[in-house]
Amino acid sequence: MQKVNLAEKFTLFNTYWDPKIVGDLNDSYIKLAKFNGEFTWHKHDNEDELFLVVKGKLLIKFRDKDVYLNPGEFLIVPKGIEHCPVAKEEVQVVLIEPKSTLNKGDVKNERTKEQLDFI
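Predicted model, so just to flag it, every value in this text is computed and none were measured. (Residues numbered from 1 in each chain as written. Predicted model: local features only at pLDDT ≥ 70, side-chain atom pairs only at ≥ 80, totals over all residues. Heavy atoms only, no water.)

Novice: Would you take a moment to explain the packing of aromatic side chains for this structure?
Specialist: Aromatic rings in a pair are described by how distant their centres are and how their planes are angled relative to each other. Enumeration over the complete set of coordinates arrives at five aromatic pairs. Seen in terms of ring centroids, Tyr29 and Phe118 are 5.8 Å apart; in terms of plane orientation they differ by 90°. Their pairing is edge-to-face. Separated by 89 residues along the polypeptide, Tyr29 in strand E2 (residues 28-38) and Phe118 in strand E8 (residues 117-118) bring together distant segments of the chain. Looking at Tyr29, the relative accessible area reads 16%, which means it is buried. Classification of Phe118 by relative accessible area gives exposed; the value is 55%. Taking the centre distance of 6.4 Å and the plane angle of 65° together, the rings of Phe35 and Phe51 count as edge-to-face. With a gap of 16 residues between them, Phe35 in strand E2 and Phe51 in strand E3 (residues 49-55) connect regions that are remote in the sequence. Phe51 matches Phe35 in its accessibility class, with the two residues each being buried. Aromatic rings pair up to connect Trp17, Phe35, Phe39 and Phe51 into one cluster. Here Lys34 stacks its cationic end above the ring of Phe13, 5.1 Å away from the centre of that ring. Above the ring of Trp41, the side-chain terminus of Arg63 is found at 3.7 Å from the ring centroid. (Phe/Tyr/Trp six-rings, centres within 6.5 Å; stacked < 30°, edge-to-face > 60°. Helix = DSSP H or I, 4+ residues; strand = E, 2+ residues; numbered from the N terminus. Buried < 20%, exposed > 50% of the residue type's maximum accessible area, 1.4 Å probe, protein only. Lys NZ or Arg CZ within 6 Å of the ring centre and 35° of its normal.)

Novice: Quick question: what am I supposed to make of the pairing of E2 here?
Specialist: Extensive coverage of E2 is indicated by the burial of eight of its 11 residues. Pairing of strand E1 (residues 20-25) with E2, which is carried by five bridges, proceeds in the antiparallel orientation. Pairing of Leu25 across the sheet is with Ser28, part of E2. Remark: two residues form the turn of the hairpin made by E1 and E2, two consecutive strands paired antiparallel; Asn26 in that turn has positive phi of roughly 55°. Where E2 meets strand E7 (residues 83-98), 10 bridges bridge the pair, whose relative direction is antiparallel. Across the sheet, Gly37 pairs through a bridge with Ala87, a residue of E7. (Pairing = 2+ DSSP bridges.)

None of the figures reported here should be taken as evidence of function without further support.
What follows is the structure, given as structure tokens:
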């Protein structure tokens with residue numbers, strides 16, 4: 001049982017769209033990620049996904065609306081809902097999602113991360 005300093009953990013990596021695991025909570029992982037640019041439209045058929053913005057401003061596009069998240073705000077994307085995260089500048093995000101969640105959901109390409117690093 002150890003405390004986690006988010007600011008310190010965010011200094012340990014500089015890659016975008018490459019989540020790092022910082023905690024294990026029941027059947028979920030607590031992940032940190034840095035976003036910059038536009039991700040890919042995708043969905044998670046079996047998992048809800050929580051985005052908590054720590055730094056920056058995150059846009060999450062849905063087919064019927066856009067949601068903007070500022071530091072200290074979070075959004076839960078229900079399973080099966082197609083979405084596309086967009087960061088015009090670097091955004092630091094905490095993700096809470098089941099251990100089975102792939103970062104790209106139903107889309108596999110060069111950004112798909114099958115194995116995530118623990119930091």
